[in-house]
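Each chain, letter by letter, is given below.
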Amino acid sequence: MRMALELAEQGRGWTSPNPMVGAVIVKEDTVVGKGCHQTVGSPHAEINALNDAGEKAGGATLYVNLEPCNHEGRTPPCTQAILRSGIKRVVAGMRDPNPRVTGGGLAFLKTQGLDVSVGVCEDACRRLNEIFIKYATTSLPFVILKCAATLDGCIATRTGDSKWITNSLSRHFAHELRHSVDAIMVGIGTVLKDNPQLTTRLEGRRGSDPVRVVLDTKLTMPPDAQVLHLTSDSDTLIVTGSAAPAEKRRMLERPGVRFLALKHEEGQIDLTSLVRELGGMGITSVLIEGGSRVNSSALRAGIVDKIYMFYGPKICGGNGIPVCRGTGINLMNESMQVTDISVRRFADDVMIEGYLKHQTL
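Every residue gets a number counted from 1 within its own chain, in the order that chain's sequence is written. With the structure being a predicted model, the display of local features is reserved for residues of pLDDT at least 70 and the display and counting of side-chain atom pairs for 80 or more, all residues being used for whole-chain, interface and lining totals. The side-chain numbers reported here are obtained from all heavy atoms of the structure, hydrogens and water having been left aside.

### Considerations on the overall build of the protein
Note on conventions: DSSP H or I runs of at least 4 residues are helices, E runs of at least 2 residues are strands, and numbering of each starts at the N terminus. On a plain count of helices and strands, the protein comes out with eleven helices and 18 strands. A radius of gyration in this sense is built from C-alpha atoms; the matching globule rule multiplies 2.2 Å by the number of residues raised to 0.38. Against the globule reference of 21 Å for 361 residues, the protein gives a C-alpha radius of gyration of 23 Å, in line with a compact fold. Its C-alpha atoms give the protein principal-axis dimensions of about 65 × 45 × 40 Å. Across the 361 residues in the protein, those meeting the buried criterion constitute 50%. What makes two residues a contact is simply this: any of their non-hydrogen atoms within 4.5 Å. Long-range contacts, defined as pairs at least 24 residues apart, comprise 70% of the intrachain contacts of the protein with a sequence gap of at least 6. When the accessible surface of the protein is split by element, carbon and sulfur atoms take 49% of a total near 17,600 Å². When charges are counted, Lys and Arg are positive and Asp and Glu negative, with His and the chain ends excluded. Charge coordinates come from a single atom per side chain, which is NZ of Lys, CZ of Arg, CG of Asp or CD of Glu. Averaging the coordinates of the 41 positive side-chain charges in the protein and doing the same for the 38 negative ones gives two points 2 Å apart. Exposed residues in this analysis have more than 50% of their type's maximum accessible area, buried residues have under 20%, and partly exposed residues fall in between, with area computed by a 1.4 Å probe over protein chains only. Per-residue accessibility takes into account occlusion by the displayed protein chains alone, with areas from the Shrake-Rupley method and a 1.4 Å probe.

Written as structure tokens, this is what we have:
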């Protein structure tokens, strides 16, 4: 099963909205076939593993991190191919979380006489596909907040300078995060200050660009902003207030740029409504790389599922820009609890990964 999980990981960034799946076929204690789901619309992991095994699949055991599908989607049901192959035993890491199909594939195989079991390495299987699980069960995107700060909690100096708090290893991992999600979200302040591209740049290999979501209530986006002039497979989505000037919108209109008007209060976009709209567009995951006000708004709105907090070995020592800015809590027991913490180092940088308490997998 751990081999299947490693294979599944190869599809990260390419399979959305499908899950990441790996499959291993074992016969007489020997691996005879392996496969993973490589891109959305391509054959599923089970099919690739069966093709790899060929006639050796007869009488073998199939290990797969997610329950095989029993329904017609972009590709035929995997259960039929499993039956035709002569596989005698199927071990699944977890059931399909989609309430419309969960258990159907395993139940069908069991009625056909196969030995079926489920729940091997289940925690690891659920963690691998945490994005797919949330979207399949709620139709809402899985939201990640990523932030880089000094040891005293500043994301920039008092003048707004932030290049660079963290080292190149941390920044490479941040681009891996961009590759793994469907959308990246920033506020207009970040665009005005940094003029970012918000694309994925991975040394030595191609990455998948997320949809660029920019919160711009009053449409103050300059027409020469880089996010409006990119060669990318993904669009830029500008989220405005309902009263944004039409003439400003016309100045920004061009191929690859879309607009979404939402209600707002005191100049702040309703982020709860926004993630619901993004989910309706088929966006299964969002990476927030905003400034302190966007960070604060996202946390207060309760839309954040997971955090990646990078800390560089630097101290501003004064009135720098904090991670969050806005009306905070009065008492420490009102603070948001981060759970399931893990810590990782990138040379001298430290990254803390964790989940907001409301998030359950």
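### Some thoughts on the nonpolar core
Grouped together as the largest cluster of nonpolar side chains are 38 residues, with contacts concentrated most on I25, L50, L62, I82, I87, V90 and L114. Once residues within four sequence positions are removed from consideration, I87 is found in contact with I25, L50, A57, G59, A60, T61, L62, I82 and L114. What we call a nonpolar core is a set of buried Ala, Val, Leu, Ile, Met, Phe, Trp, Tyr and Cys residues that are connected through their side-chain atoms within 4.5 Å. Ranked by size, the runner-up nonpolar core spans 32 residues in total, among them V143, L278, V294 and A298.

### Remarks on helix 7 (residues 168-180)
Take the number of residues in a helix, subtract one, and multiply by 1.5 Å to get its expected span. With 13 residues, helix 7 ought to run about 18 Å at 1.5 Å a step, and its terminal C-alpha atoms sit 19 Å apart, in line with that. Within the sequence span of helix 7, burial applies to S170, F173, A174, H175, L177, R178, H179 and S180.

### Focus on the sheet that holds strand 9 (residues 211-215)
What makes two strands pair is DSSP finding at least two bridges between them. Pairing is mixed across the open sheet formed by nine strands, whose spatial order is 11-10-9-8-14-6-15-18-17. Here the strands that pair on one side only, and so sit at the sheet edges, are strand 11 (257-262) and strand 17 (338-346). Between one strand axis and the next, the sheet turns through 20° on average, direction left out of account. Sheet topology places strand 6 (residues 142-149) next to strand 15 (residues 306-311); six bridges connect them, and they run parallel. Under this scheme, a helix contributes an axis fitted over its contacting stretch, all axes are lines through C-alpha atoms, and angles between N-to-C directions fall in the 0 to 180 degree range.

### Overview of the sheet that holds strand 2 (residues 30-36)
Strand order across the open sheet formed by five strands is 2-1-3-4-5, with mixed pairing between neighbours. Looking at the sheet topology across the chains shown, the edges are occupied by strand 2 and strand 5 (115-118). Neighbour-to-neighbour, the strand axes of the sheet open up by a mean angle of 15°, direction not taken into account. With six bridges joining them, strand 1 (residues 22-27) and strand 2 adopt antiparallel strand pairing. Across the sheet, G22 pairs through a bridge with C36, a residue of strand 2.

### Observations concerning the pairing of strand 15
Most of strand 15 sits out of view: five of its six residues are buried. Here six bridges tie strand 15 to strand 18 (residues 349-356), and the two strands are oriented antiparallel to one another. Paired with F310 across the two strands is M351, which belongs to strand 18.

### Things to note about the side chain of S162
Along the polypeptide, S162 turns up in the loop between strand 7 (154-156) and helix 7. In this view, S162 contacts I155, A156 and K193; residues no more than four positions away in its chain are not counted.

### Brief notes about the packing of aromatic side chains
Ring pairs are drawn from Phe, Tyr and Trp, using the six-membered ring of Trp, whenever the two centres fall within 6.5 Å, and their geometry is named by plane angle: stacked under 30 degrees, edge-to-face over 60, tilted for the rest. Tallying each qualifying case throughout the model produces four aromatic pairs. When the ring of F173 is compared with that of F346, the centres are 5.3 Å apart and the planes differ by 45°; the resulting orientation is tilted. Of the two residues, F173 sits in helix 7 while F346 sits in strand 17, which places them 173 residues apart along the sequence. Overall, F173 belongs to the buried group, its relative accessible area being 14%. An aromatic cluster is defined as three or more aromatic residues linked by ring pairs; in this entry it consists of F173, Y308, F310 and F346. A ring is scored as having a charge over it whenever the NZ atom of a lysine or the CZ atom of an arginine sits within 6 Å of its centre and within 35 degrees of its normal. Just above the ring of W164 sits the side chain of K163; from NZ or CZ to the centre is 5.3 Å. For R171, the ring lying beneath its charged end belongs to W164, and the centroid distance is 4.4 Å.

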